[in-house]
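A closer look at the structure
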Amino acid sequence: MKLDARLAELGQRYADREAGQHEALVRARACADSLHARIAAAIQNFHAAGGAEAPQLRLTLSEPRVDDKHLHSIQFELLRGRCRAIVTVKSRGEITLVGPFHAGKSEGPCRTFPIDAADALDDALEPFLVAFIEEALTP
């Protein structure tokens, strides 16, 4: 009983602390979902053009989730083998494109944009995805 009461107390304390983050996290989630859909469509086009004869070219896109490092951010990853790239949308109004990099190595390079800088993000998204694909598919 003591454990249950203590965890209930902690749950309430953290919920109270986080209540002010709700709107910003909803905005970050919506932005992350939109970016995820754009990237998913681009990867689908990549896979369709590659055909079924080269399964080693398959790229994986994770679902958006709470960021591994930042409690007030949403992230999703592009994966192929050990190669990674991460898109992070922060509740404070920033989008960060991380990578490509190899799992177990330092993350980077990173580019950060204001959440409402659509033109700058559009300009950066293509080279970000191309760099990931080039790195991930280099034998």
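Structure: see above.
From a predicted model like this one, the values you see are computed outputs, not experimental measurements.

Cut-offs and rules
Residues numbered from 1 in each chain as written. Predicted model: local features only at pLDDT ≥ 70, side-chain atom pairs only at ≥ 80, totals over all residues. Heavy atoms only, no water. Helix = DSSP H or I, 4+ residues; strand = E, 2+ residues; numbered from the N terminus. Buried < 20%, exposed > 50% of the residue type's maximum accessible area, 1.4 Å probe, protein only. Contact = heavy atoms within 4.5 Å. Core = buried A, V, L, I, M, F, W, Y, C linked by side-chain atoms within 4.5 Å. Phe/Tyr/Trp six-rings, centres within 6.5 Å; stacked < 30°, edge-to-face > 60°. Lys NZ or Arg CZ within 6 Å of the ring centre and 35° of its normal. Polar contact = N/O pair within 3.5 Å; in protein donor to acceptor, adjacent residues only side chain to side chain.

**Side note on the overall build of the protein**
- Assigned secondary structure in the protein consists of three helices and six strands.
- In sequence order, the protein lays out its α and β elements as α-α-β-β-β-β-β-β-α.
- The dimensions of the protein, computed from C-alpha atoms along their principal axes, are 60 × 35 × 25 Å.
- When each of the 139 residues of the protein is scored for burial, the buried share is 36%.
- When contacts within the protein are restricted to residue pairs at least 6 apart in sequence, those whose partners lie at least 24 apart make up 41%.

**Some details on the nonpolar core**
- Among the nonpolar cores identified, the biggest contains 26 residues, and Leu 35, Ile 39, Leu 78, Ile 95 and Leu 97 are the most heavily contacted of them.
- The dominant element in this core, judged by the number of residues it contributes, is helix H3 (residues 118-136), at seven residues.
- For Ile 39, the residues in contact, after removing those within four places along its chain, are Leu 61, Phe 76, Leu 78, Val 87, Leu 125 and Leu 129.

**Observations regarding the packing of aromatic side chains**
- What the rule picks out here adds up to zero aromatic pairs.
- Geometry around Tyr 14 places Arg 13 over its ring, the cationic atom sitting 5.0 Å from the centre.

**Quick look at the environment of His 36**
- Relative to the helices and strands, His 36 resides in helix H2 (residues 22-50).
- Placed 25 residues apart in sequence, His 36 and Leu 61 show a C-alpha to C-alpha distance of 8.3 Å.
- Among all residues touching His 36, those that are not within four sequence positions of it are Leu 61, Ser 62, Glu 63, Pro 64 and Phe 76.
- A polar side-chain atom of His 36 sits 2.8 Å from the main-chain carbonyl oxygen of Ser 62.

**As for the side chain of Gln 75**
- For Gln 75, the position within the fold is in strand S3 (residues 73-80).
- Within the local environment of Gln 75, its side chain forms a polar contact with the side chain of Asp 68, the two groups lying 3.2 Å apart.
- Apart from residues no more than four positions distant in its own chain, Gln 75 is found in contact with Glu 63, Pro 64, Arg 65, Val 66, Asp 67, Asp 68, Ile 86, Val 87 and Thr 88.

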